[in-house]
Amino acid sequence: MVYKWCVVPQCTNTTISSPHKLFVSVPTNPKRRKMWLRLARRDPKSILAHTNVFMCEDHFNMEKDTINYLKYKMGFSQKILLADEAVPTKFHCQEDRRSRLPDAGPSREVFFKRQRIDIVTECLRRHSTTTHTESLQNDDMIQEIIEPKELPKTQDKETITDPIITVEKAVQATKKVNTHFRSKAVQTRCQNKSISTSPWKVSTISHFTSPINIKPCHLQPLQSEVVKAVKRNIFLVDEKSDSDISCFESGLLSPFGTTSVKVTDSDSNVTDTKENIEKLQCLKNTLRLIEKKPLMYIGISKECYFLIELLHRHTNINREHILLCLKKIRLNSTFSELEDNFGISLSYASKLFLRNLPIISGFLKPFIVNLDKNLIKRNLPIAFRHNYHNVSCIIDCLEIDIQKPSKTLHQALTWSEYKKGNTVKYLISCTPNGLVNYVSQGFGGRASDVTIVENCNFLDGLQQGTCILADRGFKHLEQILHEKGIKLLRPPSVNAGAKLSKTEVRQTKIIASLRIHIERVIRRVREFHMLKQHSVINTNICRVLDHVIIIACALINLQDSLIK
């Protein structure tokens with residue numbers, strides 16, 4: 001089981017401490033990922049964009065935020081699917097947020113009750129002071145209302161007014177609470193738009209603590225209209241914040257107010273535009289460098305750079321995507337480097353490479369031409385013209401290192417005793433003047449050279465009477481070629497404990513000097529860093545390795561001739 005931990009600060013849930021809890025993967029979309037991490041109070045820059053992080057189910061309403069919650073609970077679905085608009089809304093693990101959350105528990109009721117009691121007692125205290133001063137001034141009026149016979153003679157004037165004051169307090173306090181004093185917790189809409197009577201005390205808001213930065217306005221005389229506009233704007237800010245708080249208390253919004261979210265969205269838009277400008281600048285620099293030195297970056301000479309435009313017209317692939325694939329083959333750049341160079345995400349760069357490579361190889365494959373025997377004779381180098389004018393092609397095998405496969409069967413099939421590692425093997429044929437005229441499909445490193453020739457369609461394209469120049473490893477192929485009327489020219493074999501004669505040594509040197517052309521072709525193939533020696537191919541790229549070889553050989557044929 002993969003170890004997972006909740007990325008929300010102050011949340012201690014992990015797959016070890018809470019194995020029964022569900023963990024939801026944070027989206028890889030940059031905008032949604034930033035929004036999720038900011039809601040969790042986690043800095044998005046502290047976590048890499050391609051890092052897979054999780055949030056536990058405590059921060060979601062799983063029944064509303066998921067699509068198949070019931071099926072998952074009943075066992076009909078093995079993977080839970082999150083809705084597209086789902087966001088984390090519960091953060092009980094953070095104590096400073098607990099009082100503002102919609103599902104805070106029974107402690108909120110006690111808080112509301114205590115708040116109402118404080119308001120009532122404050123009203124009673126204020127009213128008692130006002131009624132006490134009025135009672136002293138209207139002493140004569142009180143005596144007329146209350147008969148002195150009903151009261152004892154020892155009572156003072158102040159004690160006479162006490163029963164009446166007590167009765168009036170209860171009545172007036174009730175009126176005050178119902179008319180003027182309203183609880184902020186249950187208030188949902190502010191209908192009183194007068195600044196002097198507003199319960200939110202708009203005039204006391206400081207622009208230093210306001211969620212929206214209110215710039216100080218220096219007013220000039222005779223600008224009363226501007227003053228009114230400024231006051232109206234200030235009240236609208238408070239009105240929005242009041243509605244946001246009321247909606248939040250009813251459980252309709254996330255713990256962050258709407259005003260603060262708008263501010264962060266604007267900040268994120270500014271940062272996004274800066275990032276887009278930087279990415280565009282990097283892309284322009286990359287394209288400028290490729291156009292300046294195409295042979296070094298993509299393996300195409302300046303004279304043949306127009307092929308990029310032809311490839312774009314015939315395949316409808318963007319020029320930038322074509323250059324990305326060719327640069328990956330030529331320099332074996334990591335997808336992280338391509339992400340920075342072309343201004344795209346790492347996963348998108350990988351998808352582009354794997355998707356467009358077969359299309360590009362299909363376009364470039366006609367440049368690997370199987371030439372006619374007569375045409376080859378007309379362009380024979382001087383070294384072949386005297387004794388080996390019948391040679392039409394030179395063959396050899398090329399091995400490319402790959403990562404160790406996970407399955408034991410694949411490990412055994414790709415193991416090479418010659419390289420002492422897991423490899424993929426290809427048969428390459430070139431003409432005497434150095435043009436590649438055949439490339440086979442990939443075989444496991446365990447396969448011998450003869451097995452590859454027998455199982456590929458190389459012999460089907462040869463004409464009778466042709467001569468093939470090969471190494472000593474192809475000696476078992478002589479009988480098969482003889483049946484098809486094809487001659488094999490190779491160095492003489494050496495028996496155990498025997499020495500070669502002078503003529504055999506001389507022949508070996510001559511054949512080796514002619515076979516050097518196929519080695520030079522392979523050296524050019526190795527100039528593409530993805531096919532370089534000890535450059536291990538990733539397991540995910542092995543499925544397109546045949547297309548990589550075809551593209552490399554086609555671009556070799558477009559370069560300068562091997563023989564000057």
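Quick notes on the rules
Residues numbered from 1 in each chain as written. Predicted model: local features only at pLDDT ≥ 70, side-chain atom pairs only at ≥ 80, totals over all residues. Heavy atoms only, no water. UniProt positions renumbered as here; feature names shortened; annotations may be inferred. Patch = residues over 30% accessible without salt bridge, like charges linked within 9 Å, V, L, I, M, F, W, Y side chains within 5 Å. Areas by Shrake-Rupley, 256 points an atom, 1.4 Å probe, with all protein chains shown as cover. Salt bridge = Lys/Arg side-chain N within 4 Å of Asp/Glu carboxyl O. Helix = DSSP H or I, 4+ residues; strand = E, 2+ residues; numbered from the N terminus. Axes fitted to C-alpha atoms, helices over the stretch in contact; angles between N-to-C directions. Parallel < 35°, antiparallel > 145°, perpendicular 65-115°, else oblique. Contact = heavy atoms within 4.5 Å. Buried < 20%, exposed > 50% of the residue type's maximum accessible area, 1.4 Å probe, protein only.

The name recorded for the protein chain in an unreviewed UniProt entry is THAP-type domain-containing protein, from Parnassius mnemosyne. UniProt, in the comment section headed Cofactor (unreviewed entry), describes the protein chain in these words: "a divalent metal cation".

A. Quick look at a nonpolar patch on the surface. On the surface, a cluster of nonpolar side chains totalling about 360 Å² of accessible area is made up of Y3, W5 and I16. Along the polypeptide, I16 turns up in the segment before β1 (23-25).

B. Broad picture of the packing of helix α12 (residues 319-331) against helix α14 (residues 346-364). Following both chains from N to C, one finds α12 and α14 inclined at 90°, their axes separated by 9 Å at the closest point. With respect to α14, the axis of α12 lies roughly perpendicular. From α12, H321, I322, L324, C325, K328 and I329 reach across to α14, where they touch Y348, A349, L352, F353, N356, L357 and I360.

C. Quick peek at the pattern of salt bridges. Within the structure shown, the criterion is met by eleven salt bridges. In this structure, the salt-bridge partner of K21 is D58, at a minimum N-O distance of 3.0 Å. Placement of K21 in the segment before β1 and of D58 in the loop between β2 (54-56) and α2 (62-65) is noted, with a sequence separation of 37 residues between them. The exposure class of K21 is buried, given its relative accessible area of 19%. The class of D58 is partly exposed, set by a relative accessible area of 32%. The partner of R515 in a salt bridge is D396, with the nearest N and O atoms 3.2 Å apart. Taken together, the positions of R515 in helix α20 (residues 502-526) and D396 in strand β3 (residues 391-401) put the pair 119 residues apart, joining distant regions of the chain. By relative accessible area, R515 is classed as buried at 9%. A relative accessible area of 11% places D396 in the buried class. A cluster of three or more residues bridged by salt bridges with shared partners is formed by E122, R125 and R126.

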